[in-house]
Amino acid sequence: MARLNHELLTDLLKEVSRSFYLTLRVLPKSIRPQIGLAYLLARTTDTIADTEIVPVDQRLKSLQALRERILGTNSAPLDFGSLVQQQGAPAERVLLEKVEESLALLQAQSAADASHIREVLDVITSGQELDLKRFGGAHFADKPKLELQPIVALQTDAELDDYTYRVAGCVGRFWTHICLAHQFSPTQIASSSFEDLGVRFGKGLQLVNILRDIPADLAKGRCYLPAEKLAAIGLAPADLLRPENEPKFRPLYNQYLDLAESHLAAGWQYTNLIPFGQMRVRLACAWPILIGLKTISRLRSGNVLDPRNRIKISRAEVWQIVRRSIVCYPSAGAWRRLAGPGAH
């Protein structure tokens, strides 16, 4: 089991998510396997959902089969051979090939930890299934004709909030439960809203991804910003395919940047409620927040509808954030200033 644990939760995780792997490696050993396994299974379900060359019905069927195995409601062996053949990335092929081994690691967890992992995966897969059903009819076309194709959009802010909860906000709740079970007790947290702040933390990270990836999502026929909000400023989702509409779109876009920033500020509050002695947990929370805030700052300028203008924080900048956070940690004042004055 130790060999399998290292193969999946070290070697494979490093390949499928280099950014998250940085966070995972700094976590204390008492919670690293549970969080790593939950992420590995989520990446497996995500790989199934994102294999666009496979028909939606087949992806939904495969996703449901894996969901049932994760929840323990079905014990039938999984065969993702046809999905494996469609993977361009070697690591994603391995994810699907090793799914039974990942499920074996889930079975090896304590009853309480397994329950937390199953709970968060249940919510995540429900979001992935909803996404496939919602966007399954989206048309894909050659780029010169893309603007003539219908774009499927979320309709309301409530739908957007629900989506960010299902794919990321629930992870904040899971993270909280695992930490409280193994690292520190609720009596050490001076706030009754600790779990809710964790949920907002996750929502904020997902909203940053949405706001950064608008052109890429539109190219797939998807718009995560609500159609009713776009209609209120005289735009339809398809209008976002035209970079020249960015000035008209910008005020609404800035409102969502403000919302994402507010969620990350809640995440920073969450981080600072964690006992000071839990340096590893605090750093693991701080890094994605600081990267997210830097991304938001970049998104406040430039044409965010231009697919050539994709914002990405460089690896050198990530390491600068990591180093600075470690250096500042002993000083409470310097540490709190890392996220800027609005995030205290």
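Read on for a plain summary of the structure.

The rules behind these values
- Residue numbers here run from 1 along each chain, matching the order of that chain's written sequence.
- Under the rules for a predicted model, residues below a pLDDT of 70 receive no local features and side-chain atom pairs below 80 are neither given nor counted, while totals for whole chains, interfaces and linings still include all residues.
- To obtain the side-chain values, all non-hydrogen atoms of the structure were used and water was disregarded.
- In this analysis, rings of Phe, Tyr and Trp, with Trp reduced to its six-membered ring, are considered paired at centre separations within 6.5 Å, and the interplanar angle assigns stacked below 30 degrees, edge-to-face beyond 60, and tilted for intermediate values.
- Helix and strand definitions follow DSSP, with helices as H or I runs of at least four residues and strands as E runs of at least two, each counted in order from the N terminus.
- Burial classes: relative accessible area under 20% of the type maximum marks a residue as buried, over 50% as exposed, and values in between as partly exposed (1.4 Å probe, protein chains only).
- Side-chain atoms alone can form a polar contact between residues adjacent in sequence; in general such a contact is a pair of N or O atoms within 3.5 Å, and within protein one must be able to donate a hydrogen while the other accepts it.
- By definition in these notes, contact holds between two residues if any of their heavy atoms fall within 4.5 Å.
- By salt bridge we mean one thing: a side-chain nitrogen of Lys or Arg within 4 Å of a carboxyl oxygen of Asp or Glu.
- Note on definitions: angles span 0 to 180 degrees between N-to-C directions of axes, and those axes are lines fitted to C-alpha atoms, for helices only across the stretch in contact.
- Handedness of a crossing is defined here by the sense of rotation of the near helix relative to the far one, left-handed for an anticlockwise turn of less than a right angle and right-handed for a clockwise turn.
- Residue type decides the class: Asp, Glu, Lys and Arg count as charged, Ala, Val, Leu, Ile, Met, Phe, Trp, Tyr, Cys and Pro as nonpolar, and the leftover types, Gly among them, as polar.
- For classification, angles of less than 35 degrees are called roughly parallel, those exceeding 145 degrees roughly antiparallel, those between 65 and 115 degrees roughly perpendicular, and all remaining angles oblique.

Per the stated rule, a full pass over the model turns up 10 aromatic pairs. Look at F276 and Y329: their rings are 4.8 Å apart centre to centre, the planes differ by 20°, and that puts the pair in the stacked class. Placement of the pair is F276 in the loop between α13 (246-273) and α14 (279-299) and Y329 in the loop between α15 (315-328) and α16 (332-336), with a sequence separation of 53 residues. For Y329, a relative accessible area of 4% translates into the label buried. Pairwise contacts between aromatic rings join F184, F194, F201 and Y270 into one cluster.

The subject of this paragraph is the side chain of E317. Of note, E317 is situated in helix α15. A distance of 2.9 Å separates the side chain of E317 from the backbone nitrogen of S314, its partner in a polar contact. Ignoring sequence-local partners within four residues, the contact set of E317 consists of K294, R298 and K312.

What follows covers the pattern of salt bridges. Following the criterion strictly, the structure yields 18 salt bridges and no others. The residue R222 makes a salt bridge to D131 at a minimum N-O spacing of 3.2 Å. Taken together, the residues R222 in strand β2 (residues 222-223) and D131 in helix α8 (residues 111-135) connect sequence positions 91 residues apart. Between D239 and R242 there is a salt bridge; the shortest N-O distance is 3.6 Å. Take R242: its relative accessible area is 32%, and that puts it in the partly exposed class. Each of the salt bridges in this network shares a partner with another, and the network as a whole consists of R43, D46 and E92.

Contact pair helix α3 (residues 32-49) / helix α7 (residues 99-107): the axes reach a minimum separation of 10 Å and the direction vectors enclose 145°. In the crossing of α3 with α7, the sense of the turn from one axis to the other is left-handed. Contacts between α3 and α7 pair L37, L40, L41 and T44 from the former with V99, S102, L103, L105 and L106 from the latter. Residues belonging to the contact of α3 with α7 are distributed by class as follows: seven nonpolar, two polar and no charged.

Right, let's talk about the packing of α13 against α14 for a bit. Look at α13 against α14: their axes get within 10 Å of each other, and the N-to-C directions meet at 160°. Of the possible angle classes, the one that applies to α13 and α14 is roughly antiparallel. Judged by the sense of rotation from one axis to the other, the crossing of α13 with α14 is left-handed. Judged by residue contacts, R250, Y253, L257, A260, E261, L264, G267, W268, Y270, T271 and N272 of α13 engage R282, C285, A286, I289, G292, L293, I296 and L299 from α14. Looking at the contact of α13 with α14 residue by residue, the class counts come to 12 nonpolar, four polar and three charged.

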